[in-house]
Each structure stands twice: as C-alpha cells, then as structure tokens.
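# Notes for the structure review
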Amino acid sequence: MPSHKISRRSCPAPSITRPSPRRRLAVRLTVTVTACAMTLAGTTPGTSAAEREAPKDTAADRAYRDFLDHGPDIGVMTAAHRGQWREAPENSLPAMLAAFADGAEIVEADVRLTKDGIPVLMHDATVDRTTDGTGRVADLTYAQLRALRLREGLGGRQAALTGHRVPTLAQAMEAARTRGLVNLDQAWPHREAVWRVLEKTRTVRNGLFKSRAPVTEVRAFRTRHPGALYMHLVDDANAASVTEFGDDRPPAFEVVFDDVRDVVADTAFVRRLRTTSRVWVNSMRYGLAARYTDEASLIAPARGWATLIGRHGASIVQTDNVEALETYLATGAAGAVPPGAVRVQGEDHAPGGEGVAYHDTDAGNRGDGPGRPGADVDVCDHDGAVAVCWMRGSEWLTYTVDVPRSGRYALKVRVSSPYAPAGTYRVAFDGGAPGAAARVANTTGHHAFALQDSGVTRSLERGRHTLRLSLDADAYQNWNLDHLQLEPVGGGRG
Ligand SMILES: [Ca+2]
Ligand SMILES: [Ca+2]
Ligand SMILES: [Ca+2]
C-alpha cells in the first residue's frame, strides 16, 4: 500500500462537526497536519508519559457522535460498501482498514454464522465466489473456513487468489474499534450472537445493526440492548413503519427507492426523517436510489451524489468509490480529468461507419446503452458507466484526440472485466503501425471499472490526432471500455 495511505491512517478525521460537504477539505487538511504532528511527537523521546497516555478522541469516537447527530448542519458520512475491495478482497480486514484510511467513517460488512456458530464476514451464502473453496458458510466450521484463501476484489472464478483469509466478526470489530463504525449487514437473523461479539470485543459503539423487520421486533431488540446502534431500512413497501416507531425513532433510516416518485424519495418524507435521524442512501447500483449512482456521479455529480444529498436528504452515502466520494465532499468535483490530460469516452468513437471509424463483428448495438444511431459498436450502460461492451477479437475503434500541448503522454484505459486474461489490444497513432500488445487486467466484475496503464507512451504535437485501438483476433476478448486517457509524462513540456 502506498505510504501516503499509511500516514493518513495515523491521522484521524476532524474532531469538529463538518458544517457542510464543501468545507470538509479545509477541515480535514488542518486536522491531518495537527494529527501527523502529534504522531511524530509521540515517537519523540522527549514526550512526557502524561501526554502519551492522555485519552485520545479516536476516529471511531467521532464517527459515533456524528452518526447520532441529526442537526441541520451535519456533514455527510461515507460508508464503504464491503470495504475498499479495489485494494483488497471484499469483506477482508485489509479492505476494511483501507476504507477507514481512505476516509470512510463507516464500513459495510456482511455477517454470517459458520456451522459452529462463529460470526464471520462473507456476503454470499456460499464461499464459492470469493474464495478457493466451495459450499455453504452454514455447512463449514470456522476451522474449514479459515483454511480458504480469499480472491481479489469482488472475486469470481477467474479472480486471483490472495493470502488473505475470511475474518471473524470479532477480528473485524477489533480492527474497527478506534477507526469507525461497521454496518452489520445480513446480521439481523443472528443479532444476539453478533451482540455477544460486540460486548466481548468492547465494540458496542462501533457496531451498527440494521433490518427491515417489523417494528415490534426491532423495539424488543432495542429494549434488550439500549446501547445498540440501529438503522431501519425503509422502501415503499414498509414506509409506514416510520410512523409506527412513534417518538422512539432509530438514529438512522436507510432509504431505498427505485424511482424518484417513490414515497420514501419524497422530499417532505425525507425532511421528517431528518428531524430525528440520519438518512442513509446507496449509490452502488441502479435501483437503490433510482438512477443516482457512483458511476453517474463520476460523469457529473448532479446525476448522483449532489442530487442525493441536496434533494433526497442523504446524510450518509454508501459507495463503491470511497476516494471519489471523499473528493466530491471536499471539493464539489468528482471524476475530474487530471491536469494536462485528455480523456476520450470509449463510446465517442470517430465519425464514420463500419470499416471507416470502427470494425464491429455483429450488426447493430448489442448493448443496453446509448449507441450511435446506425452504428454497430456495442454500448452498455453499467449502472451509469457508459462503455463499449461485447468487445471481441479483430474489432477496432478510432478516436479523435485533441492534444492540448506538445509532449510525451502515457495512455491509460478505464476498463472492466471479470475474466483473466480479459483481452489484449494494440494502439496506433495517426495511421501508423500498431504498437505492442497491451493486456487488460481482471477487475473482478463487468461493473467494476478501473483505470489501467496500457504501457503505451507517445510523444505528440499539440493539435488533433487519431488513435486506433484494435483487439487482437487470436486472443480471448471479453471486456468493457469506459474511457481512454492520455496523461502527460514529466509535465508534458514540448
Ligand atoms: Ca455490434
Ligand atoms: Ca462488438
Ligand atoms: Ca464512457
């Protein structure tokens, strides 16, 4: 892991309540400097014992207080879906630690019981997708589960194996104790076993229960465990449960709507929730908050996070893009093109038809995305990421690129694929010969886009260029192309 992340981990989030998303950057930076200074001081021989032992206000303390704060000026909290699965396997300890280090106040984790009753982190009912084993979690002892290795990212049969193991809930809670909250998804059916783990690990204030169970059932649990943090899930089917809570509403509601006309998406409804509680929304996929998604936010925040926060009252956003959401909350921008770089969308190929602007192996657009009228290029809409899909051997695409200043550029491609190998392509500039084959790495999902180095660098004069990307005919090809990006190397001076 890059060193800047390690240093951020030792620099807690701000202790001041963030007044508005846009002011977070200033607050964060100030506190980061102070906290880093404190960390350094702590390792200096001259520091007094009293200073070293003074009780610290941890990131988890602040997340706990923020979670219970529903005032009008509260900042938006970030929840990391299954942890930072782009850096380590989903629901693994390093994925959880990376999410906290990258600024998440809450990490979502899925809790299941092993055959011998140990709560562990695992999303699916079986271990097949995310490990090198097979079978149901409920049919495996913890010892059997512990022998398995987790696969990278979101897993899948072709995802590489890592050295990481399935964590117990106890291990996860220990890891979270000073760092933040853990959203205990799928834990409700075995909530008493989970509660015992929280008590044993002294992390009652870190564990966030959630359910959409009948209010009487929720009330019984909260009466039994008054210290438990609880969030109630509401959609149009159980919106009335909000009223059933009476004066004893939980500190958060998770609001799920597949259409902006849903009752729970109504601004008046959400405003009422906000008087007593935080409002949690999910931006990972279409249908969780209409079409407001992470990927849509990366194209324009108004298509996602900005509208969820501004119009739909979100004060907690669960995301698959922690760093991008943190950047948005701090600066108001998301998915920006790096300084000096040029980005071309995969679907925005040069004008002209088959054999001129592109070669596609089948007629028409096989995807569900907005292709160009009359063009055969296949375009898909992956939860807001519009990408060329159904990419097959021998196909090629031509792009027009306006280079802002002369210099040397490195080509990166934002791609996705659940396969390994996923495919190979070659790049030619201005009608020249194609270069060496570049490999597309497995991103562990068609919907899991990542910016990858192509290995291609090229000196380009300021002005218009053509770039042709062609897929080797004799290689397996099954990947999606969101965009291409030329980034200046060494400042891009010409
Ligand atoms: Ca086609
Ligand atoms: Ca195709
Ligand atoms: Ca695109």
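Treat the numbers as computed from the prediction; the structure is a model and nothing was measured.

### A look at the environment of Leu233
Within the secondary structure layout, Leu233 lies in strand β6 (residues 229-234). For Leu233, a relative accessible area of 14% puts it in the buried group. Sequence separation of Leu233 and Ala213 is 20 residues, and the distance between their C-alpha atoms is 8.5 Å. Not counting chain neighbours up to four residues away, the residues in contact with Leu233 comprise Lys210, Ser211, Arg212, Asn238, Glu254 and Val256.

### Quick look at the state of the cysteines
The full count for this structure, using the stated rule, is one disulfide. Between the sulfur atoms of Cys380 and its disulfide mate Cys389 the distance is 2.1 Å. The sign of the S-S torsion, about 80 degrees, decides the handedness of the disulfide formed by Cys380 and Cys389: right-handed. Of the two residues, Cys380 and Cys389, neither departs from the other in class, the shared state being buried.

### Side note on the sheet that holds strand β14 (residues 396-403)
Here five strands make up an open sheet; going across it, the order is β11-β14-β19-β16-β17 and the pairing antiparallel. Each having just a single partner strand, β11 (358-359) and β17 (438-440) make up the two edges of the open sheet. Of the strand pairs in this sheet, β11 and β14 are connected by two bridges, and their pairing is antiparallel. Following the sheet pairing, Tyr358 is matched in β14 by Leu397.

### Digging into the nonpolar core
Across soluble globular proteins, nonpolar side chains have a tendency to be buried as a group. If you look at the biggest cluster of nonpolar residues, it comprises 60 residues, and the most contacted ones within it are Met96, Leu169, Leu184, Phe209, Phe257, Trp305 and Val317. For Val317, the contacting residues outside a window of four places in its chain are Val76, Met77, Thr78, Ala79, Val281, Ser283, Trp305, Ile309 and Leu325. Tyr358, Val415, Leu467 and Leu469 belong to the second largest nonpolar core, which has 33 residues in total.

### Looking at the coordination of the calcium ion (ligand 3)
At this site the calcium ion (ligand 3) is bound by Gln345 (OE1), Glu347 (OE), Glu347 (OE), Val386 (O), Asp482 (O) and Asp482 (OD), with donor distances of 2.2 to 2.8 Å. Classification of the site at the calcium ion (ligand 3) as irregular follows from its six donor atoms and the range of 47 to 164 degrees in their angles at the metal. Mapping the donors of the calcium ion (ligand 3) onto the primary sequence gives the spacing Q-x1-E-x38-V-x95-D. Of this pair, Gln345 sits in strand β10 (residues 342-345) while Asp482 sits in strand β20 (residues 480-488), and the two are 137 residues apart along the sequence. Of the residues examined, Gln345 reaches a relative accessible area of 23% and is grouped as partly exposed.

### Structural notes on the environment of Thr216
Within the secondary structure layout, Thr216 lies in helix α9 (residues 215-224). C-alpha separation for the pair Thr216 and Glu244, spaced 28 residues apart in sequence, amounts to 8.9 Å.

### A word on α9
The periodicity of an α-helix, 3.6 residues per turn, causes residues three or four positions apart to be oriented the same way. Those residues of α9 lying buried are Val215, Val218, Phe221 and Arg222. Mapping the buried residues of α9 onto a view down its axis gives an arc of 125 degrees, with all of them on the same face. In this structure, α9 carries Thr216 and Thr223 as exposed residues pointing more than 90 degrees from its buried face. Where α9 is buried, its residues meet α8 (191-200), β5 (207-211), β6 and α10 (241-244).

### Overview of the coordination of the calcium ion (ligand 2)
Around the calcium ion (ligand 2), the protein contributes the donor atoms Asp360 (OD), Asp378 (OD), Trp390 (O), Glu395 (OE) and Glu395 (OE), at 2.2 to 2.7 Å from the metal centre. Counting residues between consecutive donors of the calcium ion (ligand 2) along the chain gives the motif D-x17-D-x11-W-x4-E. The two metals, the calcium ion (ligand 2) and the calcium ion (ligand 1), are separated by 4.4 Å and share Asp360 as a common coordinating residue. Within this pair, whereas Asp360 is found in the loop between β11 and β12 (379-382), its partner Glu395 is found in the loop between β13 (385-388) and β14, the two being separated by 35 residues in sequence.

### A look at the packing of aromatic side chains
If you walk through the whole model with that rule in mind, you get eight aromatic pairs. Centroid distance Phe245 to Phe253: 6.1 Å. Interplanar angle 75 degrees. Geometry classified as edge-to-face. Its relative accessible area of 4% is what places Phe245 among the buried residues. The structure contains a cluster of three or more aromatic residues connected by ring pairs, namely Trp188, Trp195, Phe209, Phe221 and Tyr230. The side chain of Arg191 reaches across the aromatic face of Trp188, ending 4.3 Å from its centre. One residue, Arg205, lies across the ring of Tyr64, its end atom 3.9 Å from the ring centre.

Cut-offs and rules
- Residues numbered from 1 in each chain as written.
- Chains lettered and ligands numbered in written order.
- Predicted model: local features only at pLDDT ≥ 70, side-chain atom pairs only at ≥ 80, totals over all residues.
- Heavy atoms only, no water.
- Helix = DSSP H or I, 4+ residues; strand = E, 2+ residues; numbered from the N terminus.
- Buried < 20%, exposed > 50% of the residue type's maximum accessible area, 1.4 Å probe, protein only.
- Contact = heavy atoms within 4.5 Å.
- Disulfide = S-S within 2.5 Å.
- Pairing = 2+ DSSP bridges.
- Core = buried A, V, L, I, M, F, W, Y, C linked by side-chain atoms within 4.5 Å.
- Donors = N, O, S within 2.8 Å, 3.2 Å for Na, K, Ca; no water.
- Tetrahedral: all angles 85-135°; square planar, octahedral: opposite > 155°, others 65-115°.
- Arc of directions from axis to C-beta.
- Phe/Tyr/Trp six-rings, centres within 6.5 Å; stacked < 30°, edge-to-face > 60°.
- Lys NZ or Arg CZ within 6 Å of the ring centre and 35° of its normal.

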